[in-house]
Structures are given as structure tokens and as C-alpha cells.
Amino acid sequence: PQIGFDCSGGSSAVGEEMIFTLANIKGGSSKSTTAIHLADALSARGKVLIVDMDPQGSVTEFFFPGASAQELEKGNSFTLMQGASTLAESLHPGLFVDVVPSVLDLCTLGNLAARQPAKILKRLRAALEGSDYAHVVIDTPGSLGAELTSSLVAADCVLIPVTPSVWTAKAVGLVLGEMQEAQELAGRETKIAIVPTMFGKSKAHEEILSSLKGASMRILSHIPRSATIQKKTESGERIKAGSARQSFETLASEVTRL
């Protein structure tokens, strides 16, 4: 696809915080994994909030594996988007960051947005304005819809995790198409960067990465395929040391310089 977004444009208008939205239309691109461990790395640089805008709730399951539906229904991303709870009422203390969890009802957000599109799609950004978080990380579903659009409207910077798939360029193009609508609604430009994940050194992988480098977007450091990352994510644990931890520390340093 023809990609013409300027990764150097845009700026944060929400105090000193930066809002990072992880987005990719293709499933299995490590959005949730990247969101979780990037938030952890950013937590050493200030107070961090992670918002789960995916009805599948992978981020929520990582932080609250034993939580009951009743606990989460008191305040979550859906009640926040409904206007039924404030940001403070939607927060739950997580392992190393605060979390606005997801619930399955979030998949009906499109029905609300159809009736009041501008009001609903801008609500997440409005809720985050004036918060005392240094960084906010938003996880999104692997599909088009109101959950993704509202997350893009809220973003200061969109990070697109991509895997070495033949559908990578198409998936990136779909995200950029959705971003055009979101930027028009938000009334501002948004920074964009690609986060390569699970790329190896094969010729096929190098060709895919090379094609992405031809686009006018910044390519950030690679997050490797790692048994440690997979194991820690599945078990709900922090990555405390080693090359896997270092890859997210490097990513955190890069995104804070965007």
C-alpha cells in the first residue's frame, strides 16, 4: 500500500503523558504481549496505565487471572466508554501498573458508537485527559470496529506490531486506513511506528522487513521470538532479566523518544 504518514508529526496534548495504542488488524501479531511488557518497561520511567480495549481480554487475563466477572464489571473499559464510570472508578491495581480491564460486553461498543459516533469515539481520549500517568498503553482487538477506532483517536502514537507474514503489508495498510478516519475525528496528526516481532534472519523475513522500511514510518527495534516471553506471558509473570527483558527496555527507550 501507499503509506504517507509522517512518523515525526503530532504531539501529546494530555499534560506530560504519552498515549501509545498497539494496533494491527491481523491476529497473532503480539499486540497484547507487546502491550504488557512494554508497559512494564515504561513503569521504570513513570506511572503507567494500561487500557484493555480488546473484548477478548488477553491483557485483563494476564493481570487478573482469578478475578470474577462481578469484580471486573464494577469498572472496566466498557463502563468507561458508556460513561457509566469515571477513569478512577474503572481502574484496578495490577502487578506493576494500573489497569482498566476489558469485559466481553465491550464487543457491543459499536452499537453505542452508531448512535453517537463522535461522542463515543472521543470518550476514551477525553477520559484520559488530565490524568497523572506518565504513559498510557492501549491494547486493541485484531479487527476493525469502534474499539479500535476509539483507541486510535485517543493515541499520541500508534505502534504497529508486525510479524513476518505475507499479509503484513496489507494489515499495515488497513491500520493506516483506519487511522485516517481517526485523525480526522481527533483533529490532529498521530505518530506512527512499526514494531517488528518474531522476525528471524531468513531471506524471506529480511525481504518483508525491507519492504516495510520503504514506507515513511519509523521501524523500531525487533522483539525476538522467545520462549521466555511466551512462558512469562502465559503464566502472568514479569520478565525480570535477560535478552527478552532487554528487548522491551530498548523498545521503551525508543518510544519515549518519539
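Treat the numbers as computed from the prediction; the structure is a model and nothing was measured.

Reading guide: rules and limits
Residues numbered from 1 in each chain as written. Predicted model: local features only at pLDDT ≥ 70, side-chain atom pairs only at ≥ 80, totals over all residues. Heavy atoms only, no water. Polar contact = N/O pair within 3.5 Å; in protein donor to acceptor, adjacent residues only side chain to side chain. Helix = DSSP H or I, 4+ residues; strand = E, 2+ residues; numbered from the N terminus. Buried < 20%, exposed > 50% of the residue type's maximum accessible area, 1.4 Å probe, protein only. Contact = heavy atoms within 4.5 Å. Pairing = 2+ DSSP bridges. Phe/Tyr/Trp six-rings, centres within 6.5 Å; stacked < 30°, edge-to-face > 60°. Lys NZ or Arg CZ within 6 Å of the ring centre and 35° of its normal.

A. The arrangement of helix α12 (residues 227-235) in detail. Here α12 starts with a cap whose side-chain oxygen sits 3.2 Å from the backbone nitrogen of Thr228, and that cap is Ser226. Looking one or two residues beyond α12, the residue adopting positive phi is Gly236, at roughly 70 degrees.

B. Here's a closer look at the side chain of Thr197. Relative to the helices and strands, Thr197 is located in the loop between β7 (191-196) and α11 (203-213). A residue is classified by how much of its surface remains accessible, and Thr197, at 1% relative accessible area, is buried. Not counting the four nearest positions on each side in its chain, Thr197 is found in contact with Ser29, Ser30, Thr34, Pro161, Val162, Thr163, Pro164, His222 and Ile223.

C. Region of interest: unusual backbone geometry. With a phi close to 70 degrees, Ser30 is a non-glycine residue in the positive phi region. Checked against the element boundaries, Ser30 lands in the loop between β1 (18-22) and α1 (31-42).

D. Representation of the pairing of strand β5 (residues 135-139). Most of β5 sits out of view: five of its five residues are buried. Relative to β5, β1 runs parallel, the two being bridged by five bridges. Note on β5: the bridge partner recorded for Phe20 is Val137. As paired elements, strand β2 (residues 48-52) and β5 share five bridges and run parallel to each other.

E. Summary view of the environment of Lys74. Note on placement: Lys74 falls in the loop between α3 (69-73) and α4 (77-82). With 11 residues separating them in the primary sequence, Lys74 and Ser85 have C-alpha atoms 8.5 Å apart.

F. Focus on the packing of aromatic side chains. By the definition in use, this model includes four aromatic pairs. Summarising the aromatic geometry, the rings of Phe63 and Phe64 are spaced 6.3 Å apart at their centres and angled 45 degrees between planes, so their arrangement reads as tilted. Assessed through its relative accessible area of 9%, Phe63 is described here as buried. Positioned above the aromatic ring of Tyr133 is the side chain of Lys47, whose terminal nitrogen or guanidinium carbon lies 4.8 Å from the ring centre.

Function-wise, these values are silent; they only describe arrangement.
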